[in-house]
Structure formats: C-alpha cells, structure tokens
Amino acid sequence: MEYNDHLFRVSIKAVIRNARGEVLVVHEKGQSGWGFPGGGMDHGETLKEAMKRELYEELGYEGEFTMKLLTAEDARLLPSRAVETWQLRLIYEVTTENMNFSIGEHALEIKFAPLDELQDVPGVQFIS
C-alpha cells in the first residue's frame, strides 16, 4: 500500500450584498483580478474567527456579522505549490451589521458590482 502525505487547505469566501443586490468584491494584492473577500483558515481558528480576520484584512471591517453556508466546493489540487496541496472552498452569505468597508491591508481595491459583471469570480454560480 502506497502512502502519500498531502496538505489540505480550507478557504472561506464571503458573499456580501448591498441594498441594490450588488455583491462586494475585492482585488487582492498579488492577484490579477477580482474575487470574493476571504482566504485560507489559519491553524486553530474557528470558521467565524477566520472570517472575521479575513473581513478585516481585506475590507477593514470590524463590526459583527452572521454567516450562512451557500456551498462547499469539491476539493481541488492547487497548482504551483512546493508540496501537493488540496483546497476545499466554503462560500458563505455574510450579513454585516453595517456597510463600513475600506480598503484593507491585503487589498488594492474593493467595490460593489452587479452579478452580471462577475462571470469570472469563483462561486458566483451559487448565488440565488
């Protein structure tokens, strides 16, 4: 029997809507395009702790919020990693207590955009 050791990464993403139904997207530093705010969980974090950290790092958000799971994507092998790494992405509908967002330390730009402009953003197909 062959034993292979793999790394496994859990990534969480936030779908945040405004009153017009537009969704908040971020252009992160080091990325070529727009995506939902979020990222990889750190060791020992709960889902809520990880989301709180990611919302602060990318959106400067410090308020309360609720999370509702929209989908869990099948794990996929991440390219260009020194060690074989599989990623599971969880996409949450996040409702914030306010809309006080700013460009966080990990972001270049943030904006609310209509869904029809977001064909290239991973996870969009799961928004109802």
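Being a predicted model, the structure only gives us computed values, none of them experimental.

S.K.: Explain the pairing of strand β2 (residues 23–28) here, please?
M.R.: Working note: regular strand, side chains alternate between the two faces of the sheet. With six of six residues buried, β2 is to be regarded as a mostly interior element. The alternating pattern of β2 places Val23, Val25 and His27 on one face and Leu24, Val26 and Glu28 on the opposite face, and all of these are buried. Where β2 and strand β7 (residues 107–113) come together, six bridges link them in antiparallel fashion. Directly across from histidine 27, in β7, lies its bridge partner glutamate 109.

S.K.: Help me understand helix α1 (residues 47–59) in this model?
M.R.: Structurally, the α-helix is built with 3.6 residues per turn, so residues lying three or four positions apart point the same way. Taking 1.5 Å of rise per residue, 13 residues should cover 18 Å, and α1 covers 17 Å from first to last C-alpha, within 8% of that figure. Every buried residue of α1 is listed here: Ala50, Met51, Arg53, Glu54, Leu55, Glu57, Glu58 and Leu59. Just beyond α1, the residue with positive phi is glycine 60, at close to 60°.

S.K.: Please explain the layout of surface pockets as it appears in this structure.
M.R.: Over the atoms, a rolling probe the size of a water molecule traces out where space has been left empty. Taken as a whole, the largest pocket spans an internal volume of roughly 520 Å³. Contributing to the lining of the largest pocket are 26 residues, with Lys13, Glu28, Gln31, Gly38 and Arg89 lying nearest its centre. Listing elements by their share of the lining of the largest pocket, those giving two or more residues are β1 (7–15), β2, β3 (38–40), α1 and β6 (85–96). No other element matches the four residues that α1 contributes to the lining of the largest pocket. Residue composition of the lining of the largest pocket, grouped by class: six nonpolar, ten polar and ten charged.

S.K.: Looking at this structure, I do not really get the pattern of salt bridges. What am I missing?
M.R.: A full pass over the atoms with the stated rule returns seven salt bridges. In this structure, arginine 20 engages glutamate 22 in a salt bridge whose closest nitrogen and oxygen atoms are separated by 2.9 Å. Overall, arginine 20 belongs to the exposed group, its relative accessible area being 67%. Taken together, the shared-partner salt bridges in this structure form one network comprising Asp42, Glu45, Arg53, Glu54 and Glu57.

Cut-offs applied
Residues numbered from 1 in each chain as written. Predicted model: local features only at pLDDT ≥ 70, side-chain atom pairs only at ≥ 80, totals over all residues. Heavy atoms only, no water. Buried < 20%, exposed > 50% of the residue type's maximum accessible area, 1.4 Å probe, protein only. Helix = DSSP H or I, 4+ residues; strand = E, 2+ residues; numbered from the N terminus. Pairing = 2+ DSSP bridges. Expected span 1.5 Å × (residues − 1). 1 Å grid on protein atoms, 1.4 Å probe; cavity = no way out; pocket = protein on both sides within 12 Å on 5 of 7 lines; lining within 4 Å. Points joined across faces, edges and corners; volume = space filled by probe spheres on them. Nonpolar A, V, L, I, M, F, W, Y, C, P; charged D, E, K, R; others polar. Salt bridge = Lys/Arg side-chain N within 4 Å of Asp/Glu carboxyl O.

Honestly, that's just the spatial picture; any functional story needs more than this.
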